[in-house]
Amino acid sequence: MSFFAITRATLTKDIRLEWRSKDAINAMLFFSLLVVVIFSFAFDPTAEESRRIAGGLVWVAFLFAAIVALNQTWARELRNQVLDAYRVSPAPATPLFIAKAVGNFMFVAVLEALMTPLFVAFYKLRALGPAWQLLPIAVLGTWALVVNGTFFAAMSLRTRAREIMLPLLLFPLSIPALLGMVNATTAVLTGESSPTFWIALLVAYDVVFTTACLLMFDAVLEAE
Amino acid sequence: MSETQSTPVVAADGLIKQFGRFAALRGVTGEFAAGKLYVILGDNGAGKTTLLRTIAGLAHATRGKISVLGSTDIGASRAQIGYMAHPSLLYDEMSGMENLRYFSELYGIPPADVDKRCREAIHAVKLDPDLDRPVGQYSQGMRQRMSLARALLNDPKLLLLDEPFSNVDARSAAEMAVLVAQARDRGKTVFVVTHQPAQLEAYADEFIWMELGRIVDRTATLQGSRA
Amino acid sequence: MKRGFTLLAIATALLLSFALYAALVIAPTEQTMGNVQRIFYYHVPSAWVAFELFLINFVASVFYLIRRSTKADILALVSAEVGVVFCTVVLITGPIWARPVWGIWWTWDLRLTLTLVLWLIYVSYLVLRRFSTSSQTPLLAAVLAVFGALDVPLVYFSIWFFRTQHPAPVIGGGGSLDPRMGWVLLYNWIAFMCLAWLVCWTRYRLEVAQRAVHESEAMQSLMEGAR
């Protein structure tokens, strides 16, 4: 029973299940599209201004979409009490967490990939700084949201008002990561400053919280 | 063989389980020998499901001690436990084989044996392994049988079934009763929580009567209880 | 115990009165801001006390994770609650001060922003405690507290750097402090710490009593139906 084998099996199982219930994916994709359109109506700046605020807008939009996706994380395991089947097996909790977090990451990345070209088009965005840096920023920022999001989605299984508990627990702790993502993106778009500090902050955030989540997930899963 | 027969497979001492102010288990004490089929009976709220979940390691006792398969650590004996509940504990969108293949990974069944073991488990419950239909489209009887196949997949020493006959057609229920008895005959210890004890009357070794979170009686037949 | 508590209460009352007097009379009037600046003697010590309480919460939570001690859990709860109150004082006195002096209600000043984020984190901690349906709420809360504590340095550095890029008025005044002001600040800090200690102690005793009541109610419900 290898750790890696369980992680991989759980991840492929989730991808397969997600693929089969295409309704849910399509609804999420459409929702992301809507978010971009609403934001474009609400914030209609000139091209110059948009470079300054786009960093914030884009990440808030990603956050919206991510929350809806994260709330779904454990939904399938709750139906038919399948989570009990996992818990009653000798499989450790950590591979389950990794599989769920990676699955969420992939899913949110797809949503971001859909939303980004729309933002670029609506806001006529063009990076004045080194555009290639946007990729590591996106990866680090998305992981920051997803790793804690998956963890707190599990924690909120043990509470009432589950769907509001997730953002309630996640948002305050994500503030430094959010500052990091937004400011790094803005730095690259405007080319006016270096995103290095913010990227370093995101790396630190990701390392600290990935470790914390891996160490404490077992306790949360067993806290029935 | 005689060694395992002398150590009880489950031993509870003053087991108390509280959910806030409500006490589901109020001091369950008892020893249960290996290789027997125990049927747990009682009204709703008697604590039957909670007791089963505590034995399975899914619930932690608030107070008191419980030892399962010789260990008081929750999770020490998970590889040797099979658990089934009224919800199917299966993924609706996958077929029976796909479900069991996934759970085989969790139990560390070597990849070379997975397909064989899954097919055998599904055959054993009289279902068709090649049925491509997702489990969500099964009838309740088929779903419960597939759930039983999942519970038996790792060839557990201890089998815990919670309301296996609920909403199941008579034929499936009778077949499952036979399967459960066969599991006991192969040396497994089986606990079944049910509102339909008649299904197992012919096979059960002991009936455990629960009321208000305690075991109030243990009898050899369905008629013998003072409760 | 009772005597110590009474002594503390008296000492707190005396210290608070003296500290208030010091803040209003002894402390010299600030040159540029005038008498409004005196709110500084409530604003800054409240922040320090809040941070101390959150530190206590962190230590108590870690202790709980290691030893599962009920006392640690109660201490964590109490320090979080009182900490949030002092935090609220900081967040209210900040804008009250900023408005007449700088004409703005809010500024992304390091201390104020850090206080706001801590307030958000610990309010979410208290909400988790209230909304949890798990029988292991103290464990979940302790985990969240550790996450919160890990976040604090990250919050600090992110706001610090953010401020270097977006300079803003510093509430609390940078630069040197008249030594008399320093003394008054110290008196107020000590008085606030005593107040915090007093309130925490009271809340602690209240929580212990409440848990004892729950325990006895639970015991009663356990006894029900005993033959």
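Look up a bit, the structure's there.
In this text the structure is predicted, and so the values were computed from the model without any measurement.

*Asks:* Tell me what's going on with the pairing of strand β5 (residues 81-84) of chain B, and back it up with residues and numbers.
*Replies:* All names here are of chain B. Taking every second residue as pointing to the same face, both faces of β5 are buried, with Ile-81 and Tyr-83 on one and Gly-82 and Met-84 on the other. With four bridges joining them, β5 and strand β6 (residues 158-162) adopt parallel strand pairing. Among the inter-strand pairings, Tyr-83 is bridged to a residue of β6, identified as Leu-160.

*Asks:* Just give me the short version of the interface of chain B and chain C, but keep the residues and values in it.
*Replies:* Put simply, an interface is often sized by how much accessible area is lost when its parts join up. In this complex, chain B contributes 13 residues to the contact, which on the side of chain C involves 14 residues. Taken over both partners, the interface formed by chain B and chain C buries close to 1,000 Å², and the fraction arising from carbon and sulfur atoms is 41%. At the boundary of chain B with chain C, the tally comes to one salt bridge. Note that Arg63(B) is salt-bridged to Glu215(C), the shortest N-O span being 3.6 Å. Taken together, the connections running from chain B to chain C amount to one residue pair in polar contact (both at pLDDT 80 or more). Mapped onto the side of chain B that touches chain C, the elements with two or more residues apiece are β1 (10-19), β2 (22-32) and β9 (214-219) of chain B. When its residues are assigned to classes, the side of chain B that touches chain C shows five nonpolar, two polar and six charged.

*Asks:* Could you give an account of the interface of chain A and chain C, with specific residues and numbers?
*Replies:* Each side of the interface is counted separately: chain A has 33 residues, and chain C has 33 residues. For the pair chain A and chain C, the summed buried area comes to about 2,800 Å², and 80% of that belongs to carbon and sulfur atoms. A per-residue breakdown of the area chain A buries against chain C is headed by Arg160(A), Phe197(A) and Met216(A), which together make up 18% of the total. On the surface where chain A and chain C come into contact, there are zero salt bridges. Counting across the interface, chain A meets chain C through seven residue pairs in polar contact (both at pLDDT 80 or more). Those elements that place two or more of their residues in the side of chain A that touches chain C are α7 (134-155), α8 (162-190) and α9 (196-222) of chain A. Broken down by element, the residue count for the side of chain A that touches chain C peaks at 13 residues, all from α9(A). A breakdown of the residues in the side of chain A that touches chain C according to their chemical character gives 25 nonpolar, four polar and four charged.

*Asks:* Give a description of the environment of Pro95(A) that names residues and reports values.
*Replies:* Topologically, Pro95(A) is positioned in helix α6 (residues 93-123). Beyond its immediate sequence surroundings of up to four residues, Pro95(A) is in contact with Phe3(A), Ile6(A), Thr7(A) and Tyr86(A).

*Asks:* Now, about the layout of surface pockets: what can you tell me, with residues and values included?
*Replies:* Its volume calculated, the largest pocket comes out at about 1,400 Å³. Lining of the largest pocket is provided by 33 residues; of these, Gly20(B), Ser135(C), Thr137(C), Pro138(C) and Arg211(C) occupy positions nearest its centre. Contributing elements (two or more residues each) for the lining of the largest pocket: β1 of chain B together with α3 (70-102), α4 (110-131), α5 (137-165) and α6 (179-223) of chain C. Ranked by residue count, the leading element in the lining of the largest pocket is α6(C), at seven residues. Considering only residue class, the lining of the largest pocket consists of eight nonpolar, 13 polar and twelve charged. For the lining of the second largest pocket, the elements supplying multiple residues, two or more each, are α1 (3-20), α2 (22-42), α3 (47-71), α4 (75-78) and α6 of chain A. Broken down by element, the lining of the second largest pocket gets its largest block of residues, seven residues, from α6(A). Split by residue class, the lining of the second largest pocket holds 14 nonpolar, five polar and six charged.

*Asks:* Please set out the packing of aromatic side chains residue by residue, giving values where relevant.
*Replies:* Counted by the stated rule, this structure contains 38 aromatic pairs over all chains. Residues Phe197(A) and Trp198(A) carry aromatic rings whose centres are separated by 5.3 Å and whose planes lie at 80 degrees to one another, so their mutual orientation is edge-to-face. Judged by relative accessible area, which is 23%, Phe197(A) ranks as partly exposed. Aromatic side chains Trp97(C) and Trp102(C) sit 6.3 Å apart centroid to centroid with 45 degrees between the ring planes, which places their arrangement in the tilted category. Accessibility expressed as a relative area gives 32% for Trp102(C), which makes it partly exposed. The rings of Trp74(A), Phe97(A), Phe151(A), Phe152(A), Tyr205(A), Phe209(A), Phe217(A) and Phe147(C) are connected pair by pair, giving a single aromatic cluster. Across from the ring centre of Tyr102(B), 4.9 Å away, lies the NZ or CZ of Lys13(A), which sits over that ring. A cation over an aromatic ring shows up here: Arg205(C) above the ring of Phe5(C), its NZ or CZ 4.8 Å from the ring centre.

Cut-offs used in this document
- Residues numbered from 1 in each chain as written.
- Chains lettered and ligands numbered in written order.
- Predicted model: local features only at pLDDT ≥ 70, side-chain atom pairs only at ≥ 80, totals over all residues.
- Heavy atoms only, no water.
- Buried < 20%, exposed > 50% of the residue type's maximum accessible area, 1.4 Å probe, protein only.
- Helix = DSSP H or I, 4+ residues; strand = E, 2+ residues; numbered from the N terminus.
- Pairing = 2+ DSSP bridges.
- Contact = heavy atoms within 4.5 Å.
- Buried area = accessible area lost by both parts, 1.4 Å probe.
- Salt bridge = Lys/Arg side-chain N within 4 Å of Asp/Glu carboxyl O.
- Polar contact = N/O pair within 3.5 Å; in protein donor to acceptor, adjacent residues only side chain to side chain.
- Nonpolar A, V, L, I, M, F, W, Y, C, P; charged D, E, K, R; others polar.
- 1 Å grid on protein atoms, 1.4 Å probe; cavity = no way out; pocket = protein on both sides within 12 Å on 5 of 7 lines; lining within 4 Å.
- Points joined across faces, edges and corners; volume = space filled by probe spheres on them.
- Phe/Tyr/Trp six-rings, centres within 6.5 Å; stacked < 30°, edge-to-face > 60°.
- Lys NZ or Arg CZ within 6 Å of the ring centre and 35° of its normal.

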